[in-house]
Amino acid sequence: MIAIVNYGVGNLFSLESSFNAIGQNVTVTSLPDDLRAADRIILPGVGAFGDAAEKLFSSGLAEPLIDEAKRGKPILGICLGMQLLFTKSYEFGEFDGLNLIPGEIRPISDVIPGGLKIPQMGWNSLTFTNPSPIYSRTPQGSYVYFVHSYAAFCDDRYITATTDYGAPLTASVQNGNVYGVQYHPEKSGSVGLDILRAFCEVKA
Amino acid sequence: MITKRIIPCLDVRDGRVVKGVNFQDLNDVNSPVELAKYYSDCGADELVFYDITASSDGRKIFTDILRETARNVFIPLTVGGGISSVADFGRVLSCGADKVSVNTGAIRNPGLIPEAAKLYGSQCVVISADVKRVGGEFHVFARGGRDDTGIEAVGWIRRCVDAGAGEVVLNSIDTDGVRGGFDIEMLKAVCAAVNVPVIASGGAGKIADFVRLFREVPGADAGLAASIFHFGEVRIADLKRVLRDENILVRL
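Residues numbered from 1 in each chain as written. Chains lettered and ligands numbered in written order. Predicted model: local features only at pLDDT ≥ 70, side-chain atom pairs only at ≥ 80, totals over all residues.

Peer 1: Could you clarify how one ought to interpret the overall build of chain B in this entry?
Peer 2: Across its full length, chain B carries 10 helices and 11 strands. The globule rule puts the C-alpha radius of gyration for 252 residues at 18 Å, and the 17 Å found for chain B is close to it. Its C-alpha atoms give chain B principal-axis dimensions of roughly 45 × 40 × 35 Å. Going through the 252 residues of chain B one by one, you find that 52% of them count as buried. (Helix = DSSP H or I, 4+ residues; strand = E, 2+ residues; numbered from the N terminus. Rg over C-alpha atoms; globule rule 2.2 N^0.38 Å. Buried ≥ 20, exposed ≤ 12 C-beta atoms within 10 Å, placed from the backbone.)

Peer 1: Just checking my understanding: could you explain the sheet that holds strand E7 (residues 101-107) of chain A for this structure?
Peer 2: All names here are of chain A. Taken together, four strands build an open sheet; the order of strands is E6-E5-E7-E11 and the sheet is mixed. One side of each edge strand has no neighbouring strand; the edge strands of this open sheet are strand E6 (95-96) and strand E11 (150-153). Bridge analysis of strand E5 (residues 86-89) against E6 gives two bridges, and the strand direction is antiparallel. By the bridge assignment, Ser89 is partnered in E6 with Phe95. (Pairing = 2+ DSSP bridges.)

Peer 1: Explain helix H8 (residues 207-216) of chain B to me, please; I cannot follow it from the model alone.
Peer 2: Residue pairs spaced three or four apart in an α-helix point in one direction, given the helix's 3.6 residues per turn. Residues and elements named next belong to chain B. Where H8 is concerned, the buried positions are Asp209, Phe210, Leu213 and Phe214. The buried side chains of H8 occupy one side of the element, clustering within an arc of 125° when seen end-on. In this structure, the buried side of H8 is in contact with strand E10 (198-201), strand E11 (220-225) and helix H10 (236-245). (Arc of directions from axis to C-beta. Contact = placed C-beta atoms within 7 Å.)

Peer 1: Sorry if this is basic, but what is going on with the environment of Ala237(B) here?
Peer 2: Of note, Ala237(B) is situated in helix H10. With 13 C-beta atoms counted inside 10 Å, the residue Ala237(B) sits in the partly exposed group.

Peer 1: Explanation requested: the interface of chain A and chain B in the structure shown.
Peer 2: How big an interface is tends to be reported as the loss of accessible area on association of its parts. With 26 residues of chain A in contact, the opposing surface of chain B contributes 25 residues. When contributions to the side of chain A that touches chain B are tallied by element, the ones reaching two or more residues are helix H1 (13-21), strand E8 (120-125), strand E10 (143-148) and helix H6 (189-201) of chain A. Residue composition of the side of chain A that touches chain B, by class: 12 nonpolar, 10 polar and four charged. (Nonpolar A, V, L, I, M, F, W, Y, C, P; charged D, E, K, R; others polar.)

Peer 1: What should I look at first to understand the pairing of strand E3 (residues 47-51) of chain B in this one?
Peer 2: Regular strands place their side chains on alternate faces of the sheet. Residues and elements named next belong to chain B. Where burial is concerned, most of E3 is hidden: five out of the five residues are buried. Judged by which residues are buried, E3 turns out to be covered on both faces: Leu47, Phe49 and Asp51 on one side and Val48 and Tyr50 on the other are all buried. Where strand E1 (residues 5-13) meets E3, four bridges bridge the pair, whose relative direction is parallel. Counted as the bridge partner of Val12 is Asp51 from E3. Both E3 and strand E4 (residues 77-80) contribute to a ladder of four bridges, which runs parallel. Counterpart to Val48 in the pairing with E4 is Thr78.

Peer 1: How should the sheet that holds strand E2 (residues 26-29) of chain A be read in this particular structure?
Peer 2: Through backbone hydrogen bonds, the strands of a sheet pair up, either in parallel or in antiparallel fashion. Residues and elements named next belong to chain A. Overall, mixed pairing links the eight strands, which are arranged E2-E1-E3-E4-E14-E13-E12-E9 in an open sheet. Looking at strand neighbours, the two that pair on one side only are E2 and strand E9 (127-128), the edges of this open sheet. With five bridges connecting them, strand E12 (residues 159-164) and strand E13 (residues 168-175) associate as antiparallel partners. Bridging from a neighbouring strand, Thr162 pairs with Thr170 of E13.

Peer 1: How should I be thinking about the packing of helix H1 (residues 32-42) of chain B against helix H2 (residues 56-72) of chain B in this particular structure?
Peer 2: The description of two packed helices rests on the angle between their axes and on the distance between the axes. Residue and element names in this part refer to chain B. Look at H1 against H2: their axes get within 9 Å of each other, and the N-to-C directions meet at 30°. Judged by the inter-axis angle, H1 sits roughly parallel to H2. As H1 runs across H2, the sense of the crossing is right-handed. From H1, Pro32, Val33, Ala36 and Lys37 reach across to H2, where they touch Ile65, Glu68, Thr69 and Asn72. Grouping the amino acids of the contact of H1 with H2 by side-chain chemistry returns four nonpolar, two polar and two charged. (Axes fitted to C-alpha atoms, helices over the stretch in contact; angles between N-to-C directions. Parallel < 35°, antiparallel > 145°, perpendicular 65-115°, else oblique. Left-handed = near helix turned anticlockwise from the far one by under 90°.)

Below is the structure:
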């Protein structure tokens, strides 16, 4: 069973549907016991980091999430869910994340040339920088759907793919059993479903 | 680098796609779910569902259809039509919409965009503007292009973006239905005024119109059309191949 963490941020209908479409049972849950019982955990999220982090920490779900990550359970953070895996964010202030991957979240405007639109919204291609099992079914250069104004900045060894938006931006990360994707696999057509499929095949 | 998007728009009334649809390979061409799946398979980058239902019964059918579509189609879905409150945002977002476009609702209630952006994030708030030239000025029209509000359009769109809209659909009433190409002049004016994605709508009649759009208005992020796709006059796969050959970046 795959648990999708429901901590009151964003809508989870499409995400749940995408797992159903690849034949996976999911439970959308706000119960710590469900996270402990799950084989894999998905951490979704949209909106602002500070608000989401506050909800996640006050929900009582952050602690079991960190515990399960440390026990080696495969965890996948999506979009803001990926950003929450990091040490801290500078979105509208300075906020602590789950610190499962060392690094920080900063505005993409820090690195992209002026004149490009913010957020980056639309389909952009993946450049693999380090091997990751979540791309076992995905060719280099595949297109996925992004919507973000902030990105992860971390040591290159954690970055598994970048995307070019005037500058290379972190598209996905991995630290052992902890995975994160900045884009929306549940909105990236068959490429996205293949990435979710591959995550479901990662050995626990 | 980010690609230009091609977006078919489906008008839905009482759970069915209106406007003639001419696809021999589809069993039920008026089924929004079937058509959405078909377009997604053909390479559409995103879909717009426009609810033109008037009755509350129809609204319920529409949300059921939306849910069924989101269960089967995994590309971004924008929903518009009859959005006049944050409750309407909640209603369609919970059924799988990724973005919600407001038009008349934003004109009637200036608080709608900031409230929705605060609650759901700017990324899902789309300002859809029906714009027409009146006496040498661009005016915003309400109620499906029927009423001239007298509001100057470019400034108004910029205010909507400042208030929290994360994307703009610019529908030129002057070129809509004429099939002579997108409204390049109007699009340039709007693209120069905002720094969020702009989707061109109204006037596409052939593949060359999309080439001209992306060549002449580099700030345009997407081209939206309805009948040329529904009638099968322009196939999305063909369109994208031509764009690629013209060195316009698309997802293929």
